[in-house]
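One-letter residues, chain by chain:
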Amino acid sequence: MSTLEDLADRVERLLLRHSELKRTISLLEQQLATLGHERDSLKLRLNAARGRIDAMLDRLPRDAAVERPVDGDEATESAPDRAQP
C-alpha cells in the first residue's frame, strides 16, 4: 500500500508544481505585455524626437560656412568647455 501512497504524494506534488508554474507563466505574460507597451511608447517618443530633430535640421542654412580660427589657441579660448587634445 505504501507504493500507492508514494504515488499519491508524487501526484499531489506534481499538481502543486503545475499550479506554481501556471502562476509564474501568468506573471511573465503580464510582464511581457507591460514591457511591450513600454517599448511601443519609447518607439513613439523616439520617432517624435527624430521628427523634431529633422525639422530643426531643415531650418538650418544648408550652405552656411563655419568660420574657424586659424590659431589653435583661439579655438580653446572661445570654447573652454571643449576637451583639449
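Cut-offs and rules
- Residues numbered from 1 in each chain as written.
- Predicted model: local features only at pLDDT ≥ 70, side-chain atom pairs only at ≥ 80, totals over all residues.
- Heavy atoms only, no water.
- Helix = DSSP H or I, 4+ residues; strand = E, 2+ residues; numbered from the N terminus.
- Buried < 20%, exposed > 50% of the residue type's maximum accessible area, 1.4 Å probe, protein only.
- Salt bridge = Lys/Arg side-chain N within 4 Å of Asp/Glu carboxyl O.
- pLDDT = per-residue confidence, 0-100.
- Contact = heavy atoms within 4.5 Å.
- Patch = residues over 30% accessible without salt bridge, like charges linked within 9 Å, V, L, I, M, F, W, Y side chains within 5 Å.
- Areas by Shrake-Rupley, 256 points an atom, 1.4 Å probe, with all protein chains shown as cover.
- Lys, Arg positive; Asp, Glu negative; His and termini not counted.
- Charge placed at Lys NZ, Arg CZ, Asp CG, Glu CD.

Let us look at the overall build of the protein. Broken down by element type, the protein carries two helices and zero strands. With 85 residues in all, the protein has 2% of them scored as buried.

On to the pattern of salt bridges, then. All told, the structure shown has three salt bridges when counted by the stated rule. Salt-bridge contacts for D40 lead to R39; the nearest nitrogen and oxygen are separated by 2.9 Å.

Attention now goes to the confidence of the model for the protein. Mean pLDDT for the protein: 85, with 73% of residues reaching 70 or above. In the predicted structure, residues 75-79 sits below a pLDDT of 50 and forms two contacts with residues beyond four places in sequence or in another chain.

Time to look at a negative patch on the surface. On the surface, E5, D6, D9 and E12 cluster together into a negatively charged patch. Here D9 lies in helix α1 (residues 2-59). Classification of D9 as partly exposed rests on a relative accessible area of 43%.

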